[in-house]
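Working through the structure, step by step
Spelled out from the first residue to the last, the chains are:
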Amino acid sequence: MDIKREDLVQLYYYLRLTRRLEERFTSLYHQGKILGGAWTSNGTEAVSVGYGYALKRDDIAAPYFRDMGVFLVRGITPKRLMAQYLGRKTGVTGGKEGNVHVGDLNFGVIGFPSHLADNYPVGAGVALAFKIRGEKRVVAACTGDGGTSRGDFHEGMNLASVRKLPIVFICNNNQYAYSTPLQLQMAIKNIADRSLAYNIPGKIVDGNNVIAVYTAAKEAYEVARDGGGPTFIECKTMRMHGHSEHDSAKYVPRELLEEWKKKDPILHMENYLLEGSISTREELEDIDTRVKKEVDEAEAFAEESPYPDPEDCLKGVYATPL
Ligand SMILES: Cc1ncc(C[n+]2csc(CCOP(=O)(O)OP(=O)(O)O)c2C)c(N)n1
Ligand SMILES: [Mg+2]
């Protein structure tokens, strides 16, 4: 697939933005400024950036809590996301929630309510609506490796297959579900094998290669858009951090992390852009400078924002207000 230079550079920008923004969340968490938890996608950013960027404006994303890249590529600003984490009125939920269990339908993002993989059947429901209305729109729903053992995963896949719905199921296989490694979660090597039971094509991609994720997702979206039904895409990657900031992940072997560090998705994209003379070191450094500035501005914006008024706390609790 031919990808325009402009898009390649944007993919790099979003990888960098996701990493730097989440690094700031980590730092703020350790300063006691984030009252809830802080989950990062560290090491797996290419998954959310890749599948999110491949969507069209009218399509819908149903991300899970490790998909910061999706929020950013859909246009939800670092300022609003930072304010969200700091529980401020200017955050996406107006201060009612402090993390990424959030959506904004104005940006085509469905909120994740915390139950793992329940965005699969919810996404299938949205795709069913698109099909009934005859709209040429698709849904992308993502879950982790652990989420694929939940009943919701199977129900969502089954419904989508039987009704040939315009949905693409993404799996961020980052090798761990909290402290449980993949081999203690399931007796198969490839999660993509699970899709065979539903007669859904299962693809496996290098989840640290944003171009591979983007390309596989885009192709699958077009199949779904043309009435070809769902695809399941397993993105093999590695969670380079604890489950969240309170988890030091001592149970993950050091050597495994060392091995995956060499395959870092940002490094991978940097090498691709430089070796192919698609970009210059100078341009990439400029992007990083811009990203750092955006993150600084987001932090300042959030810190200056007020906390919500107590009387607003019960408004819009059960649905994202439009
Ligand atoms: C139904 C359900 N069970 C348990 C949890 C608690 N929980 C949140 S994240 C998580 C691990 C998820 O692992 P995985 O699906 O591999 O995603 P990852 O965190 O690795 O990205 C667990 C057990 C939950 N949110 N929902
Ligand atoms: Mg996992």
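The rules we used
Residues numbered from 1 in each chain as written. Chains lettered and ligands numbered in written order. Predicted model: local features only at pLDDT ≥ 70, side-chain atom pairs only at ≥ 80, totals over all residues. Heavy atoms only, no water. UniProt positions renumbered as here; feature names shortened; annotations may be inferred. Axes fitted to C-alpha atoms, helices over the stretch in contact; angles between N-to-C directions. Helix = DSSP H or I, 4+ residues; strand = E, 2+ residues; numbered from the N terminus. Parallel < 35°, antiparallel > 145°, perpendicular 65-115°, else oblique. Left-handed = near helix turned anticlockwise from the far one by under 90°. Contact = heavy atoms within 4.5 Å. Nonpolar A, V, L, I, M, F, W, Y, C, P; charged D, E, K, R; others polar. Phe/Tyr/Trp six-rings, centres within 6.5 Å; stacked < 30°, edge-to-face > 60°. Buried < 20%, exposed > 50% of the residue type's maximum accessible area, 1.4 Å probe, protein only. Lys NZ or Arg CZ within 6 Å of the ring centre and 35° of its normal.

An unreviewed UniProt entry lists the protein chain under the name Pyruvate dehydrogenase, from Candidatus Jettenia caeni. The heading Cofactor (unreviewed entry) in the UniProt record of the protein chain holds the text "thiamine diphosphate".

1. A word on the packing of helix α5 (residues 119-133) against helix α6 (residues 151-162)
Running from amino to carboxyl end, α5 crosses α6 at an angle of 20 degrees, the nearest separation of the two axes being 7 Å. Taken together, α5 and α6 sit at an angle that is classed as roughly parallel. You can see that α5 and α6 cross each other, and the crossing is left-handed. Residue-level inspection shows Y120, P121 and A124 of α5 in contact with α6, the latter providing D152, F153, G156, M157 and L159. Counted by class, the contact of α5 with α6 contains six nonpolar, one polar and one charged residues.

2. Here we look at the packing of aromatic side chains
Counted under the stated rule, the structure contains eleven aromatic pairs. Seen in terms of ring centroids, W39 and F65 are 6.0 Å apart; in terms of plane orientation they differ by 65 degrees. Their pairing is edge-to-face. In this pair, W39 sits in the loop between α1 (5-30) and α2 (45-53) while F65 sits in the loop between β1 (60-62) and α3 (68-73), placing the two residues 26 residues apart along the sequence. Taken individually, W39 and F65 each receive the classification buried, so the pair is uniform in this respect. In this arrangement the basic side chain of R88 is found over the ring face of Y307, its NZ or CZ atom lying 4.1 Å from the centre. For the cation-ring pair, K263 lies above W260, with the distance from its terminal atom to the ring centre recorded as 3.9 Å.

3. Points about unusual backbone geometry
Unusually for a residue other than glycine, Q175 sits at a positive phi of about 75 degrees. Inspection of the secondary structure assignment puts Q175 in the loop between β3 (167-173) and β4 (176-177). Even without being a glycine, S277 presents a positive backbone phi close to 50 degrees. Tracing the backbone through its elements, the reader meets S277 in the loop between α9 (265-275) and α10 (281-304).

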